[in-house]
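# An overview of the molecular structure
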Amino acid sequence: MTEEQQFIKRLNSKSTKEAAFTELLQLYKERLYWHIRHIVKSHEDADDVLQNTFIKVYRNIDKFKGDSKLYSWMYRIATNESITHINKNSKRMQLSSEEYQNKAINNLQADIYFEGDEFQIQLQKAIATLPEKQQLVFNMKYFEDIKYKDMSEILDTSEGALKTSYHLAVKKIEAFLTKD
């Protein structure tokens, strides 16, 4: 039994679930926060989505089949929760998801947790112009340096398609940043 399988067994055992889940939080909280933050943009939204992600992980750990790595499964949940959050809020505000993201980017400068400069704001605006899949792939590769193999598990897409998406995203971002 691998170390991860033993850990999953602890997560599924009534007597060790709480301690194992606390360990899981410590292991993945920051990585998942930044993954979510790159998608939803704001600190408050990222905190909300992170909380929802861990609630889903806690409630559904018994459904984890082990077909992928545990962190790939959690990243998929975090990604889906982030997209759901954007779609729900954009619908509530009667905006397209691109308009909603642009609004979130414009609010970054007022966000006390945002440490970027003007270039980072422009980069975020460029990323927001990409289709959803390209945004995810670009963020995961550029900001988190996730390998295509792992990304393939998280997004359930072939490595070749991910490489193409990243290449196209980079070209579009370069064009956006050099258009003036």
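In what follows, the accompanying structure is described. (Residues numbered from 1 in each chain as written. Predicted model: local features only at pLDDT ≥ 70, side-chain atom pairs only at ≥ 80, totals over all residues. Heavy atoms only, no water.)

## Comments concerning the overall build of the protein chain
- Along the backbone of the protein chain there are 9 helices and 0 strands.
- The secondary structure elements of the protein chain, listed N-terminal to C-terminal, are α-α-α-α-α-α-α-α-α.
- At 17 Å, the protein chain has a C-alpha radius of gyration in line with the 16 Å of a compact globule built from 180 residues.
- When burial is assessed residue by residue, the protein chain has 44% of its 180 residues classed as buried.
- The contacts of the protein chain with a sequence gap of at least 6 include a subset with a gap of at least 24, amounting to 59%.
- Distance between charge centroids for the protein chain: 5 Å, based on 27 positive and 27 negative side chains. (Helix = DSSP H or I, 4+ residues; strand = E, 2+ residues; numbered from the N terminus. Rg over C-alpha atoms; globule rule 2.2 N^0.38 Å. Buried < 20%, exposed > 50% of the residue type's maximum accessible area, 1.4 Å probe, protein only. Contact = heavy atoms within 4.5 Å. Lys, Arg positive; Asp, Glu negative; His and termini not counted. Charge placed at Lys NZ, Arg CZ, Asp CG, Glu CD.)

## Thoughts on the pattern of salt bridges
- For the structure shown, the criterion picks out 3 salt bridges.
- Of the charged contacts in the structure, one is a salt bridge between E23 and R10, with a shortest N-O distance of 2.7 Å. With E23 in helix α2 (residues 17–40) and R10 in helix α1 (residues 3–12), this residue pair connects regions lying 13 residues apart in the sequence.
- For E23, a relative accessible area of 34% corresponds to the partly exposed category.
- The partly exposed category is assigned to R10, whose relative accessible area is 31%.
- Between E81 and K56 there is a salt bridge, with its nearest N and O atoms 2.6 Å apart. With E81 in helix α4 (residues 70–92) and K56 in helix α3 (residues 43–60), this pair connects stretches of sequence that are 25 residues apart. (Salt bridge = Lys/Arg side-chain N within 4 Å of Asp/Glu carboxyl O.)

Remember that the coordinates give geometry; whether it matters functionally is a separate question.
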